Amino acid sequence: MKTRLLPAFLFALGVLFLFFPILIVAPMSFSGDRFLGFPPKSWGFIWYEAYFSDPVWLAATWRSLRVAAMAGLIAALAGTAGVVGLAKLPTRWRAGVTGLLLAPAIVPNVIVALGVFILALRFGSTDSEATLVLAHAAIGLPFVVMIVGAAYRQTDPTLEKAARVFGAGPLRAFWTATVPPLAPAILAAFIFAFFVSFDELVIALFLMGGSETLPVRIWNDLRFEINPTIAAISTFFVVVTALAMGLAESLRARATRRQGNH
Amino acid sequence: MRFANRLTLLPAVLLALAMFAVPVGFVLAEAVFTPELSLAHFERFFARPAYLSIFRNTLFVSAVVAGICLVLGYPMALFIVSQPPRRRPLLLFLVLVPLWMSILVRTYAWMVVLGREGIVNGALQWLGLIGEPLTLMFTTGAVYVAMVQILLPIMVVTCYTAMTEIDPGLVRAARVCGASPFAAFRKVFLPLSLEGAVTGWSVIFILSMGFFIVPALVGGRRDVLLGNMIVNQVGQANWGFAGALAIVLLVSTVLLLALVRLIIGRFLYSPREMQA
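My aim in this report is to walk through the structure given alongside it, one point at a time. What you see is a predicted model, and the numbers here were worked out from it, not measured in a lab.

### Considerations on the environment of A183 of chain A
Phase 1: Tracing the chain through its elements places A183 of chain A in helix 8 (residues 170-198).
Phase 2: Sequence separation between A183 of chain A and A151 of chain A is 32 residues, and the spatial gap between their C-alpha atoms is 9.5 Å.

Here you go:
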């Protein structure tokens, strides 16, 4: 019995270590104290009020949401179309193109950020939300290709062929036979790409001189002081992320499982 | 029709070219052509002991963080695999949840935890173990703790995936043939899971090489990594030198990984042949 308990105990310690930061930050965000301390001496919502009443924080939040939504959408659409295109590519081309689409996940963001920044300087498109959206879409792309690609490989190609045999045009066959089973994976991929953008710091840091995204605002704030408002923002952030990622993960898992049963 | 099929690749390929491949190409060009064609930026980097020590530090910290993650993550993955299959997704989920928290948020949390008035110091003082608060923030130790906390889930998942692909019958066969549980683990399970462990180490190593948030916020003045240097150089508008640093980062990562594959590959393939 002893030998069975020890691994469980060590595993629990590991999980505790992983959860430790949020276990600290969440209670602190409800502190009523003016200064940071643990445990808080009084409780309240003053840091949430500070966040929701500060136009600078709110503007940064909206900008991040807007950029992430557009980047996620572009990545999900381009990536899904890309997965379908990849499957129909001759084998000798496939590895190279897949590599190109997946590489942004491996190359450090700071390198991509520097390149996008240099390019944007040349074309005078710094401080442009459109450039930021496209750059974020590119670093979200690998996740879409991986998630939708895994689901696509498990779809039954005879479905689309059957639709064609029964007289559907290629587009209609694709839309009615291939897309529906992929829908949960596409949605999950969108959520992942959304958060890749929502959480991205360095590209936005280089590119957006005047208009900060939420991570840039947090970064600029943290370098000078540990502001308790960030505890409130962080907790809010974590709850929203956990809910969305939980949804994405269950969608992805269900999509894979359902198709595995064919 | 075939043309139309390939056309669906166009948006993704254009996006990856315009926002990834071309920009990275520009980084290389900037490093070599600014202000004129020369390797001056690289010479400057390799001639200054201060820069070289940052380079060595980046390699060292990344290797050690990946190593600590392996030591902590492998047993955690092993525990999940040892559980009944119905319970595994929940345990994996527990490990994965922290991965969804922003790196900035998690680093902020460590700033709160490790600060002079932070809870570690608070608890130690309350227990009477220390009189004065310890300096935990702005230390190399803080960088390790925060980086390991951020990257550990990735190691657990990589090891877990590799372990689920091992046929449990092999371990059972070893036991039936008289091997002790430890011998069965060491001679059968461990070699078969080694490729996953090396992959996990490599992935964490790559990710660590590009880190800059954690060292900038919880590290001391000596804990600067290449990523921090690149960000600082961009801040000072030295794009040519920043480009050279980026190239050093990229090339050294690729070379080191190739080296690891080469060395490890030698004894990685023998268990595979055993399996076949």
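### Some points on the side chain of Q83 of chain B
All names here are of chain B.
Phase 1: Mapped onto the elements of the fold, Q83 is located in the loop between helix 4 (49-82) and helix 5 (88-96).
Phase 2: With a relative accessible area of 13%, Q83 lands in the buried category.
Phase 3: The contact partners of Q83, leaving out residues within four places of it in the chain, are R88 and L91.

### Details of the pattern of salt bridges
All names here are of chain A.
Phase 1: Under the definition given, this model contains five salt bridges over all chains.
Phase 2: For the salt bridge of E212 with R217, the shortest nitrogen-to-oxygen distance reads 2.9 Å. We note that E212, like R217, is buried.
Phase 3: A network of salt bridges, in which partner residues are shared, links R63, R66 and E129.

### Overview of the side chain of S102 of chain B
Phase 1: Examined against the element boundaries, S102 of chain B turns out to sit in the loop between helix 5 and helix 6 (103-114).
Phase 2: Leaving out residues up to four positions away in the same chain, S102 of chain B has contacts with D199 and F237 of chain A.

### Examining unusual backbone geometry
Phase 1: One non-glycine residue, D127 of chain A, adopts positive backbone phi at about 55°.
Phase 2: Structurally, D127 of chain A can be placed in the loop between helix 5 (109-122) and helix 6 (129-154).
Phase 3: Look at F138 of chain B: it is not a glycine, yet its phi comes out positive at around 55°.
Phase 4: Its location among the elements puts F138 of chain B in the loop between helix 7 (119-126) and helix 8 (140-164).
Phase 5: According to the relative accessible area criterion, F138 of chain B is exposed, its value standing at 53%.

Parameters and conventions
Position labels on residues start from 1 in each chain and follow its written sequence. Numbering of ligands from 1 and lettering of chains from A proceed in the order in which they are written. With pLDDT at 70 or above as the cut-off, local features in this predicted model cover only qualifying residues; side-chain atom pairs require 80 or more to be listed or tallied, and sums for whole chains, interfaces and linings still use all residues. Only hydrogens and water are set aside when side-chain values are computed; all heavy atoms of the structure are taken into account. Runs of H or I in DSSP of at least four residues are treated as helices and runs of E of at least two as strands, each being numbered from the N terminus. The buried label goes to any residue with under 20% of its type's maximum accessible area, the exposed label to any with over 50%, and the partly exposed label to all in between, with areas taken from a 1.4 Å probe on protein chains only. Residue contacts are counted whenever heavy atoms from the two residues lie within 4.5 Å of one another. Any carboxyl oxygen of Asp or Glu within 4 Å of a side-chain nitrogen of Lys or Arg constitutes a salt bridge here.

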